[in-house]
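# Observations on the model geometry
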Amino acid sequence: MRRRVCPRCLEPLTAPVWRDATGAPTRPPVERRTRWQRLLDPLRTDPLPVPTARDAAGAAAASVVPTCPRGHRLPPEYLDRPTIVVGLVGLTGASKSTYLTVLIDLLHEGALAPLGVSVEMDEESAARFDDHRYRLLVQRQQLPLTLPLLGQGSSPEPFILVLRGTGRNGAERTVNLVFFDASGEQLYRSEDMGLYGRFLYAATSLLVVLSPGVFPRLRSVADPGEDSMGLARHTQMVVNLANVLRAARSLPLDAHVDDVATAVVLSKADKLRGVPDFPAETLRDPDLRTMPLAHWFADVRDNSSRLVDFLEVSGGSNLLTAVLHRLPRPTVHAVSATGSDARDGGYPRIAPVGVLDPLLVLLARSGFLSAEGLDPEEYGAGLRGEWSR
Amino acid sequence: MSGRACPQALYTSASRTLEGPGFGVYAHSADWPADVGRTRKALGALVGFRPEDGEAYGVLSRGAGRVLYRAVAARADGFGRPGNYLVHLLWDEGGRLGVRELLALRRAGRFLDALPEDSAPSADLPPLRVAFADRAAPALTPDEVDALTPPLAGLLATLAAGSGSCALPVRTASGREVAEVLFVVLPRALTSGVSLSTGVREDVGDTAPVGVRLTDAPARTAVAAHDTERARTLLEAASKAELAPDELADLRRLDAWLFADAWAEQDAAGLSADQVASVLESSAAPRWLGRGGNAAAALDLAAGSPAVETALRAAVDRWPAVAELVRGRVLAALLDEVFDGAAGPAELAVEVAGVGQADLCAALAGEVRRGRRIARLDRAAGLLVEQTLTLGVDLPLFRLTGQTWELALLATRREVVGDALLAQWRSSGGWTAEHGELLGHLLVADPGWLARLGDAVPVSALPPALRWAALRMDVAGVEELAAAVATGAAAGRGWALREVVFGSELPAGDVDQVLGRRLELLLVDDGWPRELAQSFARSRGGGDPPRRRRRRGDG
């Protein structure tokens, strides 16, 4: 079984602690059993069964909820599912929050339905997400900047989703998809990453968001403020991130990290359509209903290579080298979360393009989706990980 | 008071800050303290703010200094994103600035609402000159006094507790800014340890003992939960343009300022120790102490209440009349102790009154001259008498005490007393029964007094005195006194034999022993020719003189 972590404090845990309304630990709810089952209990050697959804509903009605050892409430059946922790990384103004809001909205709207995957969101996450969604997608207003954390040792509040699909053998497969979105100011220095970005230590997937305006030859499309940031700062961010990933696993700085995948999001790509040499066809959405996923991943792989070439000639060689050699299993994706630039704090329309690609790759890398076509030389006997059983 | 140059710091989100793009410290003065923080991480919760709140401000303590700050929602940052805010912080190293200055800075718009147009990140921001805020009595209507009384009472209760926090409404129903009024009405020194913040704050490392939170809807506290008299009186005084002096640093002194005149109308029995201290600190102290038993009560209270002791000492120093009054009370109590054996004043009272040895000795003499007598001339009283005479004070010994024997012993044993008695005896002139009584006791104590007094004693007064003394002496004493008479100025009258030896009424055997040893002397004193007396005495033989001791202890 993969390592489970609390989605809030990121502490590893193997079993929930059930607590009553006052926060005091209490016995977990269990199904009413027959006398014979009770007599068998002393002979059991395996752990007690995890409470079912029915148990959880009954417990919630009685104000008894599963929590991590530190008392953070766990979503129902959270520990029954493997968890993919996705950390968004990028400097200030890279559009991390905008991208994540559009992505989650697309997932909610059924973007993965052609793949037979449904998406649910944890209640607390949904309440917070609604504020973001309403502002960006209904009012078409720019999202406010993400405030840095000021209490050391903390992590941002995650968005927790549950993905449910059907495996090849017809059995249901589910996964917790936990997104962490932090302020860019605290994703640059190693020290800040350690103090405020604990999610990076538990992340199994990374969405590294880069704004095109930071590349030297793309300054013409830079947003206000981006031109002053410099590419070196981004390179340093990538290096620090790579070090943190390895430090979290007690690996040498040059070691291979095999349990993390990286999707590099070239955000605001709509602004690149008029830029010479930009492979405009890389900015498009997959039609998952008509194209097999394996074919789509082959295109993704090809597009990633073309985008790397484009960014290298745009003055990003050093950054790209760091990304490709230090971050685990990277692919590069052209994305426009809104389809257009903000003016006077608002968007004329919201027309996302390419938003789903990076997540599909990460889901395939983690084994929830088939990775066929993504890494031909590595792809073997089908699904990997615990969903392959 | 002059103003202070305060280092300042600015925190916001911009395309460039001292910490890079995004949120960070945008600028700070060169002497902005590193302890408070020059980075987002070090400043921590101090720069936390929810832009949707619009504004937050406060003052807090960090060690000996104070941080004054205001956070305000700002326009889009350098990346064009909404949700930005600006925190403007000021540092007062001496900790002299307080809530009044915070509110004055905010009122005057001296906290920045946005970065100046042409500004750039800087670690050399000039300090901001902050003047101490003016203090003017607020004009308050009766309704406003009513509305402000509960919050002021709550704040005063927290101040009385010495630590804790309390919530104040931002403004009254009529729109009056509560903090503006309360921190003008309260003395500056009383609120020097108070921090203030708006809304809910994270832990910002505030070391101020008392914290005030300004909230739109503070939890209601029953009016009866706090004593509102002090608050209401303070507000009513302020509405009459009477403000408590800024130097009042504690509630007791504030109470003294508010209530001392009213308390001064009551006697000590009806007042608490703190109230007594307040009265003593007020201008009513001389009048109050002079009334009834208030001075004695204040002296008693001083022993158990440092506040009363301090106030009483201050009153003694400040008011000559009080000093005289307290001194008189203490001296009277001391004299009661000396003359009558009363309990006497506490040592603290003696110290507060400043009564010294010379004062007591002089007072002792005065009292004796006025006819007062020491009831028991014990060792302590004897020492006082001796010290009085040593200091040269004219102490009349004849009227000192009714304990004549103790006086005679003291005069016999202590040279200065004996000399004084002799001098007074010689200068007194005349002869009274008191002289006769004292002479008898003196002779019992020491027959040598016969020679010391010499012609100061009329010859006619001697026989009864000799007989009185001899009657109370043992064999040796009788023999010594008889010898003194026979060899003294009154010799030749036969009193040694007839008044002393025979007057002693000793048993015949004891008389015979004395006669055996002193017969010749006694016979000569009785008028016998010396040769005949010698011959007669020799024919009787003699013996060793026995050890002298007093026969009876009565006087």
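Residues numbered from 1 in each chain as written. Chains lettered and ligands numbered in written order. Predicted model: local features only at pLDDT ≥ 70, side-chain atom pairs only at ≥ 80, totals over all residues. Heavy atoms only, no water.

### Here we look at the overall build of chain A
Defined as follows: Helix and strand definitions here come from DSSP, where helices need a minimum of 4 consecutive H or I residues and strands a minimum of 2 consecutive E residues; each element is numbered from the N-terminal end. Remark: exposure states derive from per-residue accessible area (1.4 Å probe, protein chains only) relative to the maximum for the residue type, with buried under 20%, exposed over 50%, and partly exposed in between. We call two residues contacting when some pair of their heavy atoms lies within 4.5 Å. Computed with the Shrake-Rupley method and a 1.4 Å probe, the accessible areas treat only the protein chains shown as cover for residues.
Broken down by element type, chain A carries nine helices and nine strands. Expressed as a percentage of its 389 residues, the buried residues of chain A come to 54%. Taking contacts inside chain A between residues at least 6 apart in sequence as the whole, the part at least 24 apart equals 75%. Here chain A has roughly 17100 Å² of accessible surface; of this, 50% comes from carbon and sulfur atoms.

### Some thoughts on the pattern of salt bridges
Residues and elements named next belong to chain B. Filter applied, for reference: Throughout this description, the term salt bridge denotes a Lys or Arg side-chain nitrogen within 4 Å of a carboxyl oxygen of Asp or Glu.
Scanning the entire structure with this criterion turns up 51 salt bridges over all chains. Salt-bridge contacts for arginine 372 lead to aspartate 340; the nearest nitrogen and oxygen are separated by 2.8 Å. Residue arginine 372 is found in the loop between helix H13 (357–369) and helix H14 (379–390), and its partner aspartate 340 is found in helix H11 (residues 320–340); the two are separated by 32 residues along the sequence. Of the residues examined, arginine 372 reaches a relative accessible area of 21% and is grouped as partly exposed.

### Some remarks on the packing of helix H6 (residues 251–263) of chain B against helix H7 (residues 273–281) of chain B
Residues and elements named next belong to chain B. Here is the rule we go by: Fitted lines through C-alpha atoms serve as axes, helices being fitted only where they are in contact, and the angles separating the N-to-C directions of these axes extend from 0 to 180 degrees. To sort the angles, those under 35 degrees are grouped as roughly parallel, those over 145 as roughly antiparallel, those from 65 to 115 as roughly perpendicular, and the leftovers as oblique. Polar here means any residue outside two lists: the nonpolar Ala, Val, Leu, Ile, Met, Phe, Trp, Tyr, Cys and Pro, and the charged Asp, Glu, Lys and Arg; Gly therefore counts as polar.
Here H6 crosses H7 at 80°, and the two axes come no closer than 8 Å. The orientation of H6 relative to H7 falls into the category roughly perpendicular. Here Arg252, Arg253, Asp255, Ala256, Ala260 and Trp263 of H6 come into contact with H7, specifically with Asp274, Gln275, Ala277, Ser278, Val279 and Glu281. Taken together, the residues of the contact of H6 with H7 sort by class into five nonpolar, two polar and five charged.

### A short note on empty space enclosed by the protein
Quick note on the threshold: The method works on a 1 Å grid over the protein atoms by themselves. A cavity is a set of points holding a 1.4 Å probe that cannot get out, a pocket is an open set with protein on both sides within 12 Å along at least five of seven lines, and residues with an atom within 4 Å of a point line them. Grid points are joined across faces, edges and corners, and a volume is the space filled by probe spheres set on the points.
One pass over the structure, following the stated rule, counts three cavities of 30 Å³ or more. Approximately 60 Å³ is the volume found for the largest cavity. A:Leu91, A:Thr92, A:Gly184, A:Glu185, A:Tyr188, A:Arg189, A:Met229, A:Arg233, B:Glu19, B:Pro21 and B:Arg40 together form the lining of the largest cavity. A per-class count over the lining of the largest cavity returns four nonpolar, two polar and five charged.

### With respect to the nonpolar core
We count it as follows: In this description, a nonpolar core means a group of buried Ala, Val, Leu, Ile, Met, Phe, Trp, Tyr and Cys residues linked to one another through side-chain atoms lying within 4.5 Å.
Membership of the largest hydrophobic core comes to 151 residues, with the highest contact counts inside it found for B:Phe183, B:Leu196, B:Trp288, B:Val385, B:Leu397 and B:Trp425. Per-element tally for this core: the top contributor is H11(B), with eight residues. Grouped together as the second largest cluster of nonpolar side chains are 61 residues, A:Leu10, A:Val221, A:Met229 and A:Phe278 included.

### Side note on the pairing of strand S9 (residues 330–334) of chain A
Residue and element names in this part refer to chain A. We count it as follows: For two strands to count as paired, DSSP must find a minimum of two bridges between them. By convention, orient the strands away from the viewer: a clockwise path from the first strand over the helix to the second makes the crossover right-handed.
Most of S9 sits inside the fold, with four of its five residues counted as buried. Looking at chain direction, strand S8 (residues 261–266) and S9 are connected through five bridges and run parallel. Paired with alanine 263 across the bridge in S9 is threonine 331. Handedness of the crossover joining S8 and S9 through helix H8 (residues 293–326) is recorded here as right-handed.

### Points about the interface of chain B and chain A
Our working definition: Buried surface area refers to the total accessible area, computed with a probe of radius 1.4 Å, that the two partners give up upon joining, counted for both partners together. Two N or O atoms form a polar contact when they lie within 3.5 Å of each other; inside protein one atom must be a possible hydrogen donor and the other a possible acceptor, and for residues adjacent in sequence the pair counts only when both atoms belong to side chains.
Between chain B and chain A, the contact holds 26 residues from the first and 24 residues from the second. Surface buried jointly by chain B and chain A totals about 1900 Å² across both partners, of which 60% is contributed by carbon and sulfur atoms. Broken down residue by residue, the surface that chain B buries against chain A is led by B:Arg40, B:Lys41 and B:Phe79, which jointly contribute 33%. Our enumeration of links across chain B and chain A arrives at two salt bridges. When the shortest N-O distance is used, the salt bridge between B:Arg40 and A:Asp192 registers 3.4 Å. Our count for the chain B to chain A interface comes out at seven residue pairs in polar contact (both at pLDDT 80 or more). Sorting the residues of the side of chain B that touches chain A by element identifies strand S2 (8–14), strand S3 (22–28) and helix H1 (40–43) of chain B as the ones contributing at least two each.

By themselves, these figures tell us nothing about what the structure is for.
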